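So you can see what is in the structure, the chains are spelled out below.
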Amino acid sequence: MNEDSKYICRCPVCGHCAEVRKYPSVNASSEPDLRLKILDGSLLRWVCPACGETTYAEYPLLYHDPGRKFMIWMVPYSAYDPNIEEYGLKVARLLPDYTCRKVDNVLRLAEKIQIFEQGASDVAVELSEYVFRQESGASGNFFFHGIRFDGGLCRELRISVVKADGGHEYYNVSPEIYTDCEAIVERNPDMKPGPGFVRVDYSWIMSKLK
Ligand SMILES: [Zn+2]
């Protein structure tokens, strides 16, 4: 392994350190096994051999799906690099038909992959979650859990909500909410994420609704 492909995991409980393989980039087409490991959460998971604590490696990972033309950069807050903004603008110039996003953890990375693979708009998903949150009064961390289109129309939108106590709740959002939100997003230029790796999340949607 060269230096770029090594990462030192440090156990937050007992302090044990171990070297693990690092994946600075994953290509969905040429590395389908790594794609699956991102989706099931195992790629960055590390179990401390000394005490059994489970933790996650924290380093930037660029995910690229050349077939579906999207890139997602996972940049943990602890590993922020200001060059990412400049690189994003370069990618936007060279690959103008790509969708580029930025997330800060592997759960949000897996969520974006599923949204784009299922042909949904992440802006419309975020807006639908916002509307659902207002109407239902549900609180917690909202995650996309699946969408089904039929004849180009949304027929089903499922989300999961992770509560403060760690429990999960699953909801079916009315598919009309997604359809309405998609139309709002399409006719509102403010709702179109700018060039580069944009963080489209709940806070981003809130900033657009002000
Ligand atoms: Zn440990």
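Everything numeric here is computed off the predicted structure, so don't read it as measured data.

1. With respect to the coordination of the zinc ion
Here comes step 1: Those donors, Cys 11 (SG), Cys 14 (SG), Cys 48 (SG) and Cys 51 (SG), are the protein atoms that reach the zinc ion, and they lie 2.3 Å from it.
Here comes step 2: Bound by 4 donor atoms, the zinc ion shows angles of 104 to 117 degrees at the metal and therefore tetrahedral coordination geometry.
Here comes step 3: The sequence motif formed by the donor residues of the zinc ion is C-x2-C-x33-C-x2-C. Residue Cys 14 is found in the loop between strand S1 (6–10) and strand S2 (17–21), and its partner Cys 48 is found in the loop between strand S4 (45–47) and strand S5 (54–56); the two are separated by 34 residues along the sequence.

2. Thoughts on the side chain of Thr 55
Here comes step 1: When you line up the elements, Thr 55 lands in strand S5.
Here comes step 2: We classify Thr 55 as buried; its relative accessible area is 15%.
Here comes step 3: Contacts of Thr 55, omitting those with residues within four sequence positions, involve Pro 12, Leu 44, Arg 45 and Trp 46.

3. Some details on the nonpolar core
Here comes step 1: In this structure, Ile 38, Leu 61, Tyr 63 and Leu 109 are the most contacted members of the largest nonpolar core, which totals 52 residues.
Here comes step 2: Among the elements that take part in this core, helix H4 (residues 122–136) stands out by supplying 6 residues, more than any other.
Here comes step 3: Those residues in contact with Leu 109 that sit more than four places away from it in its chain are Ile 38, Leu 61, Tyr 63, Ile 72, Met 74 and Val 103.
Here comes step 4: Grouped together as the second largest cluster of nonpolar side chains are 9 residues, Leu 62, Trp 73, Ile 84 and Val 91 included.

4. Some words on the pattern of salt bridges
Here comes step 1: Using the criterion set out here, one finds 12 salt bridges in the structure.
Here comes step 2: Across the pair Asp 65 and Arg 68 runs a salt bridge, and its minimum N-O distance is 2.9 Å.
Here comes step 3: On the basis of relative accessible area, Asp 65 is assigned to the buried category, the value being 3%.
Here comes step 4: Arg 68 gets classed as partly exposed once you look at its relative accessible area, which sits at 46%.

5. Let's talk about the side chain of Arg 133
Here comes step 1: Turning to its location among the elements, Arg 133 is positioned in helix H4.
Here comes step 2: Within the buried core, Arg 133 has no salt-bridge partner, and the shortest N-O distance to an opposite charge, that of Glu 129, equals 5.8 Å.
Here comes step 3: Apart from residues no more than four positions distant in its own chain, Arg 133 is found in contact with Ala 138, Gly 140, Phe 142 and Tyr 202.

6. Observations regarding the sheet that holds strand S11 (residues 168–173)
Here comes step 1: Spatial ordering of the open sheet is given by S9-S10-S11, a layout of 3 strands whose pairing is antiparallel. Across the chains shown, the open sheet's two edge strands, defined by having one partner strand only, are strand S9 (141–150) and S11. On average, adjacent strands in this sheet sit at an angle of 20 degrees to one another, irrespective of strand direction.
Here comes step 2: Examined bridge by bridge, S9 and strand S10 (residues 153–162) share 9 bridges and lie antiparallel to one another. Paired with Gly 146 across the two strands is Arg 158, which belongs to S10.
Here comes step 3: In the packing of H4 onto the sheet, the strands contacted are S9, S10 and S11, and the crossing angle to S9 comes to about 115 degrees.

7. Here's the deal with the packing of aromatic side chains
Here comes step 1: Tallied over the entire structure, the rule returns 10 aromatic pairs.
Here comes step 2: Measuring from ring centre to ring centre gives 5.1 Å for Trp 73 and Phe 197, while their planes differ by 70 degrees; the resulting arrangement is edge-to-face. One end of the pair, Trp 73, is in strand S7 (residues 70–74); the other, Phe 197, is in the loop between helix H5 (175–187) and helix H6 (202–209), with 124 residues separating them in the sequence. For the pair shown, Trp 73 and Phe 197 are each scored as buried.
Here comes step 3: Between the aromatic rings of Phe 132 and Phe 142, the centroid separation amounts to 6.4 Å while the plane-to-plane angle is 65 degrees, which identifies the pairing as edge-to-face.

8. Points about the pairing of S10
Here comes step 1: Between the end of S9 and the start of S10, which pair antiparallel, lie 2 residues, with Gly 151 showing a positive phi angle near 60 degrees.
Here comes step 2: As defined by bridge partners, S10 adjoins S11 across 6 bridges and the pair is classed as antiparallel. Looking at the pairing, Leu 157 lines up with Val 173 of S11.

9. Here's the deal with the domain arrangement of the protein chain
Here comes step 1: Domain parsing of the protein chain yields domain 1 (3–117) and domain 2 (122–209).
Here comes step 2: Domain 1 and domain 2 are separated by 23 Å when their C-alpha centres are compared.
Here comes step 3: Contacts between domain 1 and domain 2 engage 22 residues on the former and 16 residues on the latter.
Here comes step 4: In total, domain 1 and domain 2 occlude about 1,600 Å² of area from one another, counting both sides; carbon and sulfur atoms represent 58% of this.
Here comes step 5: Applying the counting rule to domain 1 against domain 2 returns 3 salt bridges.
Here comes step 6: We note a salt bridge from Asp 104 to Arg 199, for which the minimum N-O separation is 3.1 Å.
Here comes step 7: There are 7 residue pairs in polar contact (both at pLDDT 80 or more) connecting domain 1 and domain 2.
Here comes step 8: The set of elements that each furnish at least two residues to the side of domain 1 that touches domain 2 consists of S7, helix H2 (83–94), strand S8 (99–103) and helix H3 (106–117).

Rules used in this analysis
- Residues numbered from 1 in each chain as written.
- Predicted model: local features only at pLDDT ≥ 70, side-chain atom pairs only at ≥ 80, totals over all residues.
- Heavy atoms only, no water.
- Donors = N, O, S within 2.8 Å, 3.2 Å for Na, K, Ca; no water.
- Tetrahedral: all angles 85-135°; square planar, octahedral: opposite > 155°, others 65-115°.
- Helix = DSSP H or I, 4+ residues; strand = E, 2+ residues; numbered from the N terminus.
- Buried < 20%, exposed > 50% of the residue type's maximum accessible area, 1.4 Å probe, protein only.
- Contact = heavy atoms within 4.5 Å.
- Core = buried A, V, L, I, M, F, W, Y, C linked by side-chain atoms within 4.5 Å.
- Salt bridge = Lys/Arg side-chain N within 4 Å of Asp/Glu carboxyl O.
- Lys, Arg positive; Asp, Glu negative; His and termini not counted.
- Pairing = 2+ DSSP bridges.
- Axes fitted to C-alpha atoms, helices over the stretch in contact; angles between N-to-C directions.
- Phe/Tyr/Trp six-rings, centres within 6.5 Å; stacked < 30°, edge-to-face > 60°.
- Domains from an automatic or database assignment.
- Buried area = accessible area lost by both parts, 1.4 Å probe.
- Polar contact = N/O pair within 3.5 Å; in protein donor to acceptor, adjacent residues only side chain to side chain.

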